[in-house]
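Residue-level listing of the chains:
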Amino acid sequence: MSAILKTEKLRVEFKSTEFRQAVKVALHGLDLEVNAGEVFGFLGPNGAGKTTTMNVLLGFVPATSGTASLFGIDVRQPIARQRIGYLPELTYYYKFLTADELLRFYAKIFGLTRAETDRRIPELLKLVELEHAAKRPIKSYSKGMQQRVGLAQALINNPDLLVLDEPTSGLDPLGRMKVREIIQRLKNEGKTVFFSSHELGEVETVCDRVAIVHQGELKTVGSVADVSAGSVNLEQAFLKIVGVQSQPLP
Amino acid sequence: MNKIIALAGVVIKELYRRKDFYVLFVLTALLTVAAGAVNFFHDDKIVRYVKDICLLLIWVSALVIAIVTTARQIPAEREARTIFPLLAKPVSRGQVIAGKFLGCWLATGVALLVFYFFFAVITGSREHLWPWAVYFQAAWMQWVMLAIVIAMVVLGSIYFAAPSSTSTISFIVVVGILGIGSHLKVIALQQPEPMQFILTAIYFLMPHLEWFDLRDFVVYDQSLVSWSALALATGYAAVWTGIFLMLAWLGFRRKNLTT
Ligand SMILES: Nc1ncnc2c1ncn2[C@@H]1O[C@H](COP(=O)(O)OP(=O)(O)O)[C@@H](O)[C@H]1O
Ligand SMILES: [Mg+2]
């Protein structure tokens, strides 16, 4: 089995901006492997280090030590990102461009041909249901529409690996269902999906495997069934691993 | 290269969709026209004086456009977080820097073209003189000088988070060089020793933007600079532009973008 996404002993420290403060260690030697064709849920409470891991994979944050690779290529090389699609946790897009222009711009960055671009963009706009607004500047979009632009741009290059940082946070139930549907569709097409979440209900239904991180350390990894073995469900297993006992309210 | 051009295209699109850019543009055009209307005095001295003012206006406007636009580019990408979906694509940070530079430089080039065209039409319609080669040389030299300025501002925008501080500092530095650059050596020689050495060193180490100022050729004798001097100056500008862009890339290359 070939690992499409791999980190080894990945450590990330953030220097504090305040003078003489201890460095903040966001990841303590994380080992992670995601295989071709699987949907992999990357779980953990807020501040666990999920976004940081993705930021290293995408080259935004340098690793303090350890390595990270995509398709066997070190993430420090831009070409490692040729076959991936990425949806950030929270982002705006160029407000002064229309969705159509934005997608064309990104298509050029991927080096897609004109013909490919012309074929791909209507497909994507249809998928995310933005055909009617494609020629309007993004600044006139609602929040939900902006998120759908994000999803469309993540798919522009027909990626083999998708990295989605909390793709459903901030969406209404309909939007969530849509995202789950798209993930399922990509899986059926044989794509690999690596996404983070702290909403366990939806993870259970789509993931082949999950990993749980807490305070920058990998706590467990395996199929949903393996990880939740010995607990009622994934949520209980998660809470147990993270070490939270349900406490009565004061 | 296609990626750099695509990046530059976005810079230019943003610029022509912003209103503040037009304000400056129209203002300069209006003032040039107004100044041109004064030409009927038929007094050579006044005509020259008016031309001088028009050119100064063009210089200031072009500098403001170049500096303000450039200073905003990378900080705006970081603030709106558009830098993340961008850098998640197969594009290097060096290409991002190059694309931003190219976009800003081309946009200022277009602005200059319009300004000089205006200037030529206004003065030409009064004097019936059309020294296109002189105008071309003046505009070209100003444009390559702006390449140095834009590269310098790109560098500044990597280190100063706020576009306003980058703009202000850049403006002071550029105006300072333009103002006293040529006199610095003379000033240095009048200073006591440690200062003399420092100022002389600065003189030899700084980019001499004032060498690119051909306004006097346009206003006074309307003679041409030798084309080889022009080529040499262009090479000089290319070297300084390269140095600043390289320094910008070194600063940006390993920068943690999440802080
Ligand atoms: N740029 C940064 N500077 C300092 N600390 C950071 C930075 N980014 C993240 N951290 C810290 O690293 C830890 C992990 O954060 P993050 O990866 O965003 O968590 P998650 O995405 O799992 O919620 C947190 O404690 C956070 O405060
Ligand atoms: Mg996060």
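All of these numbers come straight from a predicted model, not from anything done at the bench.

What counts as what
Residues numbered from 1 in each chain as written. Chains lettered and ligands numbered in written order. Predicted model: local features only at pLDDT ≥ 70, side-chain atom pairs only at ≥ 80, totals over all residues. Heavy atoms only, no water. Helix = DSSP H or I, 4+ residues; strand = E, 2+ residues; numbered from the N terminus. Expected span 1.5 Å × (residues − 1). Buried < 20%, exposed > 50% of the residue type's maximum accessible area, 1.4 Å probe, protein only. Contact = heavy atoms within 4.5 Å. Near = heavy atom within 4 Å. Polar contact = N/O pair within 3.5 Å; in protein donor to acceptor, adjacent residues only side chain to side chain. Areas by Shrake-Rupley, 256 points an atom, 1.4 Å probe, with all protein chains shown as cover. Pairing = 2+ DSSP bridges. Axes fitted to C-alpha atoms, helices over the stretch in contact; angles between N-to-C directions. Patch = residues over 30% accessible without salt bridge, like charges linked within 9 Å, V, L, I, M, F, W, Y side chains within 5 Å. Salt bridge = Lys/Arg side-chain N within 4 Å of Asp/Glu carboxyl O. Phe/Tyr/Trp six-rings, centres within 6.5 Å; stacked < 30°, edge-to-face > 60°. Lys NZ or Arg CZ within 6 Å of the ring centre and 35° of its normal.

Participant: Even after reading the chapter, I still don't get helix 4 (residues 143-154) of chain A, so can you show me in this structure?
Facilitator: Each α-helix turn comprises 3.6 residues. Residues three or four places apart therefore point the same way. Compared with an ideal rise of 1.5 Å per residue, which puts 12 residues at 16 Å, helix 4 of chain A spans 17 Å between its outermost C-alpha atoms and is within 8% of the ideal. Counting buried residues in helix 4 of chain A gives 9 out of 12 residues, a clear majority hidden from the surface. Of all the positions in helix 4 of chain A, only Met145, Gln146, Gln147, Val149, Gly150, Leu151, Ala152, Gln153 and Ala154 of chain A are classed as buried. Where the residues of helix 4 of chain A are buried, they touch strand 6 (84-87), helix 2 (99-109), helix 3 (114-127), strand 7 (161-165) and helix 5 (173-188) of chain A together with helix 4 (83-87) of chain B.

Participant: What am I meant to see in the site of ligand 1 here?
Facilitator: As a matter of local geometry, ligand 1 sits amid 13 residues, with Gly47, Gly49, Lys50, Thr51 and Thr52 of chain A nearest to it. Looking at what sits near ligand 1, you find residues from chains A and B. Within the contact set of ligand 1, an oxygen atom lies 2.6 Å away from a side-chain nitrogen or oxygen of Thr52 of chain A. Computed on the free molecule, ligand 1 has an accessible area of 560 Å², of which 72% lies beneath the protein chains in the complex.

Participant: Would you explain the pairing of strand 10 (residues 217-223) of chain A in this entry?
Facilitator: In summary, the side chains of a regular strand alternate between the two faces of the sheet. Residue and element names in this part refer to chain A. Looking at chain direction, strand 9 (residues 209-214) and strand 10 are connected through 6 bridges and run antiparallel. Opposite Ile212, over in strand 10, you have Thr220 as the bridge partner. The turn linking strand 9 back onto strand 10 is made up of 2 residues, and Gln215 within it adopts a positive phi angle of 50 degrees.

Participant: Could you clarify how one ought to interpret the sheet that holds strand 9 of chain A in this entry?
Facilitator: Sheets are built from strands that pair by backbone hydrogen bonding, the pairs being arranged parallel or antiparallel. Residue and element names in this part refer to chain A. Spatial ordering of the open sheet is given by 6-7-8-3-9-10, a layout of 6 strands whose pairing is mixed. Because the sheet does not close on itself, it has two edges, and the strands there are strand 6 and strand 10. Between one strand and the next, the sheet's axes are offset by a mean angle of 15 degrees, whatever the strand orientation. By the bridge criterion, 5 bridges tie strand 3 (residues 39-43) to strand 8 (residues 192-197) in an arrangement that is parallel. Of the residues in strand 8, the one forming a bridge with Gly41 is Phe195.

Participant: Would you take a moment to explain a nonpolar patch on the surface for this structure?
Facilitator: A cluster of nonpolar side chains, Val239, Ile243, Met246, Leu247, Trp249 and Leu250 of chain B, forms an exposed patch at the surface whose accessible area comes to about 510 Å². Checked against the element boundaries, Leu247 of chain B lands in helix 11 (residues 227-253).

Participant: Quick question: what am I supposed to make of the packing of aromatic side chains here?
Facilitator: Any pair of aromatic rings gets described here by the distance separating the centres and the angle formed by the planes. The final tally for this structure, using the stated rule, is 18 aromatic pairs over all chains. Aromatic pair Phe40 of chain A and Phe194 of chain A: ring centres 5.8 Å apart, planes at 35 degrees, arrangement tilted. Here the residue Phe40 of chain A occupies a position in strand 3, and Phe194 of chain A occupies one in strand 8, the gap between them amounting to 154 residues. Ring plane angle 20 degrees and centroid distance 6.0 Å describe the contact between Trp130 of chain B and Trp132 of chain B, whose orientation is recorded as stacked. Members of the aromatic cluster, each reached through a chain of ring pairs, are Phe101, Trp105, Phe136, Trp140, Trp143 and Trp227 of chain B. Above the ring of Phe252 of chain B, the side-chain terminus of Arg93 of chain B is found at 5.6 Å from the ring centroid. Over the ring of Trp249 of chain B we find Arg253 of chain B, and its NZ or CZ is 5.1 Å from the ring centre.

Participant: Explanation requested: unusual backbone geometry in the structure shown.
Facilitator: Of all residues except glycine, most have a negative phi; of all peptide bonds, most are trans. Its identity as a non-glycine residue notwithstanding, Phe71 of chain A has a phi of 55 degrees, on the positive side. Within the secondary structure, Phe71 of chain A sits in the loop between strand 4 (65-70) and strand 5 (73-74). In the Ramachandran plot, Arg81 of chain B falls in the positive-phi region, its phi being about 65 degrees despite a non-glycine side chain. If you trace the backbone, Arg81 of chain B turns up in the loop between helix 3 (44-79) and helix 4.

Participant: I tried to follow the pairing of strand 9 of chain A on my own but got confused; where do I start?
Facilitator: Residues and elements named next belong to chain A. In terms of burial, strand 9 is largely enclosed, as 5 of its 6 residues are buried. Relative to strand 9, strand 3 runs parallel, the two being bridged by 4 bridges. Opposite Phe40, over in strand 9, you have Arg209 as the bridge partner.

Coordinates in, geometry out; function isn't part of it.
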